[in-house]
Amino acid sequence: MTIPTEAQRRLTDEPLVAHLGTCSDGRPHVAPVWYRYDGDDVLEIVTTGRKLENLRENPRVALSIQSDEGGDPDWTITLLGTATVVDDEEQSVTARHRIHERYGADPDAYDENVLVRIKIGTANYQTY
């Protein structure tokens, strides 16, 4: 999977919120998440609760990220991929610190969140 260079740049520029779509027992669930894109075909999130439960049951995910001005989209990317829950506290702490730094949050906040790596399978990038 190759994400266009311009889309990669935008994924690492300003700290935007992604909307993560999961599904369990035929019931979709969408929720906002902070993320970190590593410049490869992997995106990291840290999460807990319903999202984490769904990912453990069904690792197939969708993410939607957009930048807009007053509700008018500038660009958008939709990613489909496979999530891997990383049940390693040390790796989760390191990931939380990286992601929280990106969003200006206390590095030790949300210490219940677990690292999830999403291997991107397809990317649909569009500018307006």
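See the structure above.
All residue numbers here refer to positions counted from 1 along the written sequence of the relevant chain. Per-residue local features are limited, in this predicted model, to residues with pLDDT of at least 70; the limit for side-chain atom pairs, both in listing and counting, is 80 or more; totals at the level of whole chains, interfaces and linings are taken over all residues. Excluded from the side-chain calculations are hydrogens and water; all other atoms, namely the structure's heavy atoms, are used.

Chemist: Explain the overall build of the protein chain to me, please; I cannot follow it from the model alone.
Modeler: If you tally the helices and strands in the protein chain, you get three helices and seven strands. The C-alpha radius of gyration computed for the protein chain amounts to 14 Å, which stays within 12% of the reference 14 Å derived for 128 residues, consistent with globular compactness. Every one of the 128 residues in the protein chain was classed for burial, and the buried ones make up 42%. Here, residues are in contact when the closest pair of their heavy atoms is within 4.5 Å. When contacts within the protein chain are restricted to residue pairs at least 6 apart in sequence, those whose partners lie at least 24 apart make up 69%. With residues, only the protein chains shown are counted as cover, and all accessible areas are computed by Shrake-Rupley using a 1.4 Å probe. About 7000 Å² of surface is accessible on the protein chain, with carbon and sulfur atoms providing 45% of the total. Charge separation in the protein chain, taken as the distance between the mean sites of 13 positive and 23 negative side-chain charges, equals 5 Å. The secondary structure listing takes helices from DSSP runs of H or I that are at least 4 residues long and strands from runs of E that are at least 2 residues long, numbered from the N terminus. Two things to know: the radius of gyration comes from C-alpha atoms, and the globule rule equals 2.2 Å times the number of residues to the power 0.38. Exposure classes here rest on a 1.4 Å probe applied to the protein chains alone. A residue is buried below 20% of its type maximum, exposed above 50%, and partly exposed in between. Two residue types count as positive, namely Lys and Arg, and two as negative, namely Asp and Glu; His and chain ends fall outside the count. Charge placement uses NZ in Lys and CZ in Arg. For Asp and Glu, CG and CD serve respectively.

Chemist: Help me understand the side chain of Asn113 in this model?
Modeler: On the secondary structure map, Asn113 appears in the loop between α3 (89-103) and β7 (114-127). For Asn113, a relative accessible area of 11% puts it in the buried group. Not counting chain neighbours up to four residues away, the residues in contact with Asn113 comprise Val46, Thr47, Thr48, Ser92 and Arg96.

Chemist: Just checking my understanding: could you explain the pattern of salt bridges for this structure?
Modeler: Two side chains that carry opposite charge are able to pair once their charged atoms sit near each other. Salt bridge, as applied in this entry: a Lys or Arg side-chain nitrogen positioned within 4 Å of an Asp or Glu carboxyl oxygen. Applying the stated criterion across every chain yields a total of nine salt bridges. Here Arg36 and Glu44 are joined by a salt bridge, their closest N and O atoms 3.7 Å apart. Of the charged contacts, one joins Arg56 and Asp87 as a salt bridge, the two residues approaching to 2.7 Å between their closest N and O atoms. Remark: Asp87 occurs in the loop between β6 (72-86) and α3 and Arg56 occurs in helix α2 (residues 49-57); sequence separation between them is 31 residues.

Chemist: Got a minute to help me understand unusual backbone geometry in this structure?
Modeler: Comment: phi is negative for the bulk of residues other than glycine, and the bulk of peptide bonds are trans. Of note in the backbone geometry, Asp25 takes a positive phi value of approximately 55° without being a glycine. For Asp25, the location among the structural elements is in the loop between β1 (18-24) and β2 (27-33). Look at Asp25 and you get exposed, because its relative accessible area is 67%. Phi angles above zero are rare outside glycine, and Tyr110 is one such case at about 55°. Within the secondary structure, Tyr110 sits in the loop between α3 and β7. Here Tyr110 falls in the partly exposed class, since its relative accessible area comes to 46%.

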